[in-house]
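# Structure assessment
Take a look at the letters that make up each chain.
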Amino acid sequence: MKPFTISLFAVLLLGVCHVSRATLASSKEKKTTYIVHMSKSEMPASFEHHTHWYDTSLKSKQTLLESQPGILSVLPELRYKLHTTRTPEFLGLDKSADSLPQSDSVSEVIIGVLDTGVWPESKSFLDSGLGPVPGAWRGGCESGTNFTAKNCNRKLIGARFFAKGYEATLGPVDESKESKSPRDDDGHGTHTASTAGGSLVADASLFGYAAGTARGMAARARVAVYKVCWVGGCFSSDILAAMDKAIDDGVNVLSMSLGGSTTNYYRDSVAIGAFAAMEKGILVSCSAGNAGPSSYSLSNVAPWITTVGAGTLDRDFPASVSLGNGKNYSGVSLYKGGAMLPGNLLPLVYAGNASNATNGNLCMMGTLIPEQVAGKIVVCDRGVNPRVQKGAVVKAAGGLGMVLSNTNANGEELVADAHLLPATAVGQKSGDEIKDYLFSDPKPTVTILFEGTKVGIQPSPVVAAFSSRGPNSITPDILKPDLIAPGVNILAGWAGSVGPTGLATDGRRVEFNIISGTSMSCPHVSGLAALLKAAHPDWSPAAIRSALMTTAYVAYKNGKKLQDVATGKYSTPFDHGAGHVDPVAALNPGLVYDLTANDYLSFLCALSYSATEISSLARRAFTCDASKKYSVTDLNYPSFAVNFGSGGADGVIKHSRTLTNVGAPGTYKVLISLQSPGVKVAVEPETLSFRQANEKKSYTVTFTGNSMPANTNSFGRIEWSNGIQTVGSSIAVSWT
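The protein chain is annotated in an unreviewed UniProt entry as subtilisin-like protease SBT1.7 from Salix viminalis. Database annotation for the protein chain, UniProt heading Subcellular location (unreviewed entry): "Secreted, Extracellular space, Apoplast".

Broken down by element type, the protein chain carries 17 helices and 42 strands. For 736 residues, the compact-globule formula gives about 27 Å, and the C-alpha radius of gyration of the protein chain, at 26 Å, lands near that figure. Along the first, second and third principal axes, the C-alpha atoms of the protein chain reach 80 × 65 × 55 Å. Within the span of the protein chain, comprising 736 residues, buried residues form 60% of the whole. Total accessible area on the protein chain is roughly 27900 Å²; 51% of this is exposed by carbon and sulfur atoms. When the 63 basic and 59 acidic side-chain charges of the protein chain are each reduced to a single mean position, those positions are 0 Å apart.

The next point concerns the sheet that holds strand β38 (residues 679-684). Taken in spatial order, the four strands make up an open sheet running β34-β36-β40-β38, and their pairing is antiparallel. Two strands bound the open sheet, and with one partner strand each, they are β34 (591-592) and β38. Taken together, the 10 bridges between strand β36 (residues 651-661) and strand β40 (residues 696-705) define a ladder with antiparallel strand orientation. Looking across to β40, one finds that K654 is bridged to T702.

When strand β37 (residues 666-673) meets strand β41 (residues 712-721), the two strands line up antiparallel, connected through five bridges. Looking across to β41, one finds that I672 is bridged to I718. Where β41 and strand β42 (residues 726-735) come together, 10 bridges link them in antiparallel fashion. Among the inter-strand pairings, E719 is bridged to a residue of β42, identified as G728. Counted along the chain from β41 to the antiparallel partner β42, the turn is four residues long, and its residue G723 has a positive phi close to 95°.

Bringing the state of the cysteines into the picture now. According to the stated counting rule, one finds four disulfides in the structure shown. Disulfide pairing is shown between C141 and C152; the S-S distance is 1.9 Å. Its torsion about the S-S bond being 80°, the disulfide of C141 and C152 is classed as right-handed. Of the two residues, C141 sits in the loop between β8 (110-115) and β9 (156-161) while C152 sits in the loop between β8 and β9, which places them 11 residues apart along the sequence. An identical accessibility class is assigned to C141 and C152; each is buried.

Right, let's get into helix α8 (residues 269-279). Three- or four-residue spacings in an α-helix give side chains the same orientation, since the helix completes a turn every 3.6 residues. Of all 11 residues in α8, 10 are buried; the element is thus mostly enclosed. Residues of α8 that are buried include every one of S269, V270, A271, I272, G273, A274, F275, A276, A277 and M278, and no others. Near the N-terminus of α8, the side chain that reaches the backbone nitrogen of V270, with its oxygen 3.0 Å away, is that of D268.

Further remarks concern the pairing of strand β22 (residues 346-350). Most of β22 is tucked away: four of the five residues are buried. By the bridge criterion, two bridges tie β22 to strand β26 (residues 445-450) in an arrangement that is antiparallel. Residue pairing for β26: P347 is matched across the bridge by T445. As paired strands, β22 and strand β23 (residues 377-381) are joined by three bridges and run parallel to one another. Paired with V349 across the two strands is V378, which belongs to β23.

Let us look at the UniProt feature "domain: Peptidase S8/S53" (unreviewed entry) in the protein chain. As recorded in UniProt, the sites labelled "domain: Peptidase S8/S53" (unreviewed entry) are residues 108-560. Across residues 108-560, helical content stands at 21% and strand content at 23%; the span's end C-alpha atoms are separated by 40 Å.

A few words on the sheet that holds β22. Pairing in this open sheet of seven strands is mixed, and the strands run β21-β20-β26-β22-β23-β24-β25 from one edge to the other. Each edge of the open sheet is held by one strand with a lone partner, namely β21 (328-329) and β25 (423-426). In the packing of helix α10 (residues 387-396) onto the sheet, contacts are made with β23 and β24 (401-405), and the angle to β24 comes to roughly 145°. Of the strands in this sheet, β20 (319-323), β21, β22, β23, β24, β25 and β26 are in contact with helix α11 (residues 428-440), which crosses β22 at around 105°.

In this section: the packing of α8 against helix α17 (residues 611-618). Between α8 and α17, the shortest axis-to-axis distance is 8 Å and the interhelical angle comes to 70°. When the axis of α8 is compared with that of α17, the two are roughly perpendicular. Where α8 approaches α17, its residues A271, I272, F275 and E279 are matched on the opposing element by S616, L617 and A618. Its residues placed into classes, the contact of α8 with α17 shows five nonpolar, one polar and one charged.

Glancing now at the pattern of salt bridges. What the rule picks out here adds up to 19 salt bridges. Close ionic contact of R160 with E142 constitutes a salt bridge, the shortest N to O distance being 3.0 Å. Taken together, the residues R160 in strand β9 and E142 in the loop between β8 and β9 connect sequence positions 18 residues apart. Exposure remark for E142: the relative accessible area of 23% places this residue in the partly exposed category. The structure contains a network of salt bridges with shared partners spanning E142, R160 and D249.

What counts and how
- Residues numbered from 1 in each chain as written.
- Predicted model: local features only at pLDDT ≥ 70, side-chain atom pairs only at ≥ 80, totals over all residues.
- Heavy atoms only, no water.
- UniProt positions renumbered as here; feature names shortened; annotations may be inferred.
- Helix = DSSP H or I, 4+ residues; strand = E, 2+ residues; numbered from the N terminus.
- Rg over C-alpha atoms; globule rule 2.2 N^0.38 Å.
- Buried < 20%, exposed > 50% of the residue type's maximum accessible area, 1.4 Å probe, protein only.
- Areas by Shrake-Rupley, 256 points an atom, 1.4 Å probe, with all protein chains shown as cover.
- Lys, Arg positive; Asp, Glu negative; His and termini not counted.
- Charge placed at Lys NZ, Arg CZ, Asp CG, Glu CD.
- Pairing = 2+ DSSP bridges.
- Disulfide = S-S within 2.5 Å.
- Polar contact = N/O pair within 3.5 Å; in protein donor to acceptor, adjacent residues only side chain to side chain.
- Contact = heavy atoms within 4.5 Å.
- Axes fitted to C-alpha atoms, helices over the stretch in contact; angles between N-to-C directions.
- Parallel < 35°, antiparallel > 145°, perpendicular 65-115°, else oblique.
- Nonpolar A, V, L, I, M, F, W, Y, C, P; charged D, E, K, R; others polar.
- Salt bridge = Lys/Arg side-chain N within 4 Å of Asp/Glu carboxyl O.

Following this line, the structure appears as structure tokens:
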């Protein structure tokens, strides 16, 4: 079926629909780029051909354009941001070879990555042992600055770049500073692509840290890269163009470690592109964002997107602070350079006392007084500017080292960095005690002890403080994030043109880098989804996501609940969603919650979207049935978000769900774990029996609420078990 609507950006063809960019402005006005969705079937009779209609329409001002017949929406260009060895073992992939899909089936799966491009010379993209490119592949390898079709191979089977939206807003790409091609000059895209589907690389490390064999989650899968992010950001028209092209090229999974501000789905380019991908059977995995631990901070919350938060590994890079008073404090660092600290203690100074600037404590560029920091170790507070830049500022002012202290905003979360000088990061409590010593001792001294790599750190995982949190600000009745995956201190491939800090002053070059963010957790899930697609090629994107969610764990092996590093307490479904991904369990989930495009369309009807708004999103005609009662609580989602009315009024809310058997015949019994005076939970029926594969059984969950204070939350789980497999769903109940 051809699409009902037309999406217009620049003059290029996207997949199955004509596209051109609308740059609307008079000669005296600033030009602005818009994405225009048009209904081809509503072309006025005065036009002989639709291209003439498009060109004429695009010469109008925005307000006039929106009022014309056949114009479904006019969306302004938006700028998106990137969400920036041990993992396979941590996830159990190394011990479960027999249960994993065979390499031949994995090599038929194609992971599309939208990011900053790729460094094709990275060993992570060697194609040794791979057979011919899958026959279903329809993509290409585009040439440009420092990149030719020869840079692709049987592993990196596709590479494209999209810059028309960027150039319409910021002018031509400066090819002296970045490559107008699929080549990655940033490192981020190479890191995410190799995390999802990188080949095995022995003896990988960053300066000896995290040494071992690096590999992507789906090491035999093929990778196709779509460069949409540039020095000036990632623009919505380029992102949507790339998504449509990736769909047309034949990818099976789309990995997108980027995000912007949340908005209604029909105005969200990522949601629009992801809907089209879902209709073609493509799972779209997106990062949840790095705006945690604030509530309502999530990106990419459409229910047809898999939204991934971040947790830690059981690996750390300790670098402790040893004070002149004999006390020691734990920190983390990836520093390894020629200028190591001398064995003796060095003078210690607080940046705020060595600056005339009001924000001197942050070690911003140009704020430190060299005479007051030269030959000393400087304590800098975390925040505002990049952590590694603070170290560069200290080094430029003559400091010998840095202690980076967390403030209230980051608490006890520690993220390791490959600093340009000897430096370590400490939590807020340690930082406060170090500063207390510094202020009270007339001659404070310190040194930093670097201890290499340690594994077996417990508890792990814990939810990263930076990982964005729920509730879902667009649709509170859909629980997001969906799950968490490793996203802290992740080793993966890197671009050869940029140092590990990304700073212009960093002349070091590395093959692998260790960085953190939901940008790192997203490609973990993308690669794991590729493994599930290889094992179960007939599964829909919703079935794959369901398997990943319902088998995720919310407790450690000792039975204690997952923790949140931001609070030091148990994490909640607003932090971890369904829990931490468990790929081995996901391969055989027993039951799944499946969804089709029509189910999502009914969901949009439940949101009271108009026919025009739905058409803008789905890019085809759909009208809600006026005789049918639609409810968001009928969406067959693998989790439950329940919201009682304003002020905590009493109420009854019912959710309906359908489970599909993808395992052996069996009987599943329900277990409800939610203890709260504010709500009672009942499931009907309490037993579901399945006699054959793909058999479906439905059930209803009734939540009966009592009055509770506003802004109260309660959390629990519904689990269906046959004695072997457990199909778990998180519950979040809120009184607003």
